[in-house]
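Chain by chain, the residues run as shown.
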Amino acid sequence: MLTPEDTRPLSPGEPSASTLDRNLGILRRTDSDLTMRIAAASDEPLVLEDAEDGHPTGTWQGRRLASARRPGEECRRMLEGIDAREAGVVAVAGFGLGRHVEILARRFGDGGIVLVVEPDLPLLKALFSRIDFTGVFERGNVRIIDRADPAHVSRCLSGMDALLSLGIRLVEHPPSRARLDGIATEVSRTMQEIASNA
């Protein structure tokens, strides 16, 4: 169930180096290597617009990142049944426009980790240049993984054995499915192996 705060639309702006720097500055606390790779990624255009429901929607490289008409409803449906009391880690396949990541980070709070699988670093750079996610990242419970390498996944989850033992949920961001080409399944499998060995 979404709270009133969950239904508030994101507020994207024009691309800004200062917005990117603020977002990466917070992310640097948990993964400095990732922030360097995002900063070095190519600059590519992200097309954003307001949908009928007042939430932003957009396209990336010709593909939709959210519903063209009702992205708020799409997000609500995607997160139905995700209960922070039933898992310590939620693996999210695809960052999309980030609304679902923001809601999950708030929902899980200090009691869990939101692990986002997103290999498209130019997309993250474009998003982090337009949308202020500092409030989301300051919670410290969002990690982003850009590759399925088991050693990398293990490093990102280092010290989280207790949360992994509480359970893992996989959430697919429907518009990201085709872009991700199975990487989320690989990461999820690796996470399960790490949890079973904890």
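Description of the structure in this document. (Residues numbered from 1 in each chain as written. Predicted model: local features only at pLDDT ≥ 70, side-chain atom pairs only at ≥ 80, totals over all residues. Heavy atoms only, no water.)

Some details on the packing of helix α1 (residues 17-27) against helix α5 (residues 121-130)
To keep things clear, this is the line we draw: Whenever a helix is involved, its axis is fitted only over the stretch in contact; in every case the axis is a line through C-alpha atoms, and angles between N-to-C directions fall within 0 to 180 degrees. Helix and strand definitions here come from DSSP, where helices need a minimum of 4 consecutive H or I residues and strands a minimum of 2 consecutive E residues; each element is numbered from the N-terminal end. By definition in this entry, angles of less than 35 degrees are roughly parallel, angles greater than 145 are roughly antiparallel, angles of 65 to 115 are roughly perpendicular, and the rest are oblique. The handedness criterion is simple: a crossing whose near helix is rotated anticlockwise from the far helix by less than a right angle is left-handed, and one whose near helix is rotated clockwise is right-handed. When checking whether two residues touch, look at their non-hydrogen atoms; a contact exists if any pair is within 4.5 Å.
It is the contact of α1 with α5, at a shortest axis distance of 6 Å, that shows an interaxial angle of 110 degrees. Comparing the axis directions of α1 and α5 gives the class roughly perpendicular. The way α1 lies across α5 gives a crossing that is right-handed. In this structure, α1 contributes Thr-19, Leu-20, Asn-23, Leu-24 and Leu-27 to the contact, and α5 contributes Lys-125, Phe-128, Ser-129 and Arg-130.

A few points about the sheet that holds strand β3 (residues 63-64)
Here is the rule we go by: Criterion used throughout: strands pair if DSSP finds at least two bridges between them.
The three strands lie next to each other as β1-β2-β3, forming an open sheet whose pairing is antiparallel. Each having just a single partner strand, β1 (46-50) and β3 make up the two edges of the open sheet. Sheet analysis places strand β2 (residues 56-60) next to β3, joined by two bridges and oriented antiparallel. Residue pairing for β3: Thr-59 is matched across the bridge by Arg-64. α5 contacts β1 and β2 of the sheet and is inclined by roughly 45 degrees relative to β1.

So, the nonpolar core
The line we're drawing: Here, nonpolar core refers to any group of buried Ala, Val, Leu, Ile, Met, Phe, Trp, Tyr and Cys residues whose side-chain atoms link them within 4.5 Å. For the exposure calls, accessible area comes from a 1.4 Å probe over protein chains only, and a residue counts as buried if that area is under 20% of its type's maximum, exposed if over 50%, partly exposed in between.
Ranked by internal contacts, the top residues of the largest apolar core, which has 40 residues, are Phe-95, Leu-127, Phe-128, Phe-137, Val-142 and Ile-144. A per-element tally of this core places α5 first, with six residues. Those residues in contact with Val-142 that sit more than four places away from it in its chain are Thr-30, Val-101, Ala-105, Val-114, Val-116, Val-136 and Phe-137. Ala-91, Ile-113, Ile-168 and Leu-180 belong to the second-largest nonpolar core, a separate cluster that totals 22 residues.

Describing the pattern of salt bridges
Using the following cut-off: By convention in these notes, a salt bridge is any Lys or Arg side-chain nitrogen within 4 Å of a carboxyl oxygen on Asp or Glu.
What the rule picks out here adds up to 14 salt bridges. Of the charged contacts in the structure, one is a salt bridge between Arg-37 and Asp-146, with a shortest N-O distance of 3.0 Å. In this pair, Arg-37 is assigned in helix α2 (residues 32-40) and Asp-146 in the loop between β6 (142-145) and α7 (150-156), connecting sequence segments 109 residues apart. Residue Arg-37 is classed as partly exposed on the basis of its relative accessible area, which comes to 26%. With its nearest N and O atoms 3.4 Å apart, the salt bridge here joins Glu-49 to Arg-64. One end of the pair, Glu-49, is in strand β1; the other, Arg-64, is in strand β3, and 15 residues separate them in sequence. Taking the relative accessible area as the measure of exposure, Arg-64 reaches 30% and is therefore partly exposed.

Digging into the packing of α2 against α5
Each packed pair of helices is defined by two parameters, the angle between the axes and the distance between the axes. Selection rule: Under the scheme applied here, ten amino acids are nonpolar (Ala, Val, Leu, Ile, Met, Phe, Trp, Tyr, Cys and Pro), four are charged (Asp, Glu, Lys and Arg), and all others, including Gly, are polar.
One way to put it is that α2 packs onto α5 with a least axis distance of 8 Å and a crossing angle of 85 degrees. With respect to α5, the axis of α2 lies roughly perpendicular. Between α2, through Leu-34, Arg-37, Ile-38 and Ala-39, and α5, the contact on the second element is made entirely by Leu-121, Leu-124, Lys-125 and Phe-128. Here the residues of the contact of α2 with α5 sort into six nonpolar, no polar and two charged.

Quick word on the packing of aromatic side chains
This is how it is decided: Working definition: a ring pair exists when centres of Phe, Tyr or Trp rings (six-membered ring for Trp) sit within 6.5 Å. Plane angles under 30 degrees give stacked, over 60 give edge-to-face, the rest tilted.
The full count for this structure, using the stated rule, is five aromatic pairs. Both rings, one in Phe-95 and one in Phe-128, keep their centres 5.6 Å apart while their planes meet at 80 degrees; by these two values the pair is edge-to-face. Of the two residues, Phe-95 is situated in the loop between β4 (89-93) and α4 (99-108) and Phe-128 in helix α5; the sequence distance between them amounts to 33 residues. Assessed through its relative accessible area of 0%, Phe-128 is described here as buried. Between Phe-133 and Phe-137 the ring centres are 5.8 Å apart and the planes differ by 35 degrees, which places this aromatic pair in the tilted class. Judged by relative accessible area, which is 1%, Phe-133 ranks as buried. One aromatic cluster in this structure is built from Phe-95, Phe-128, Phe-133 and Phe-137.

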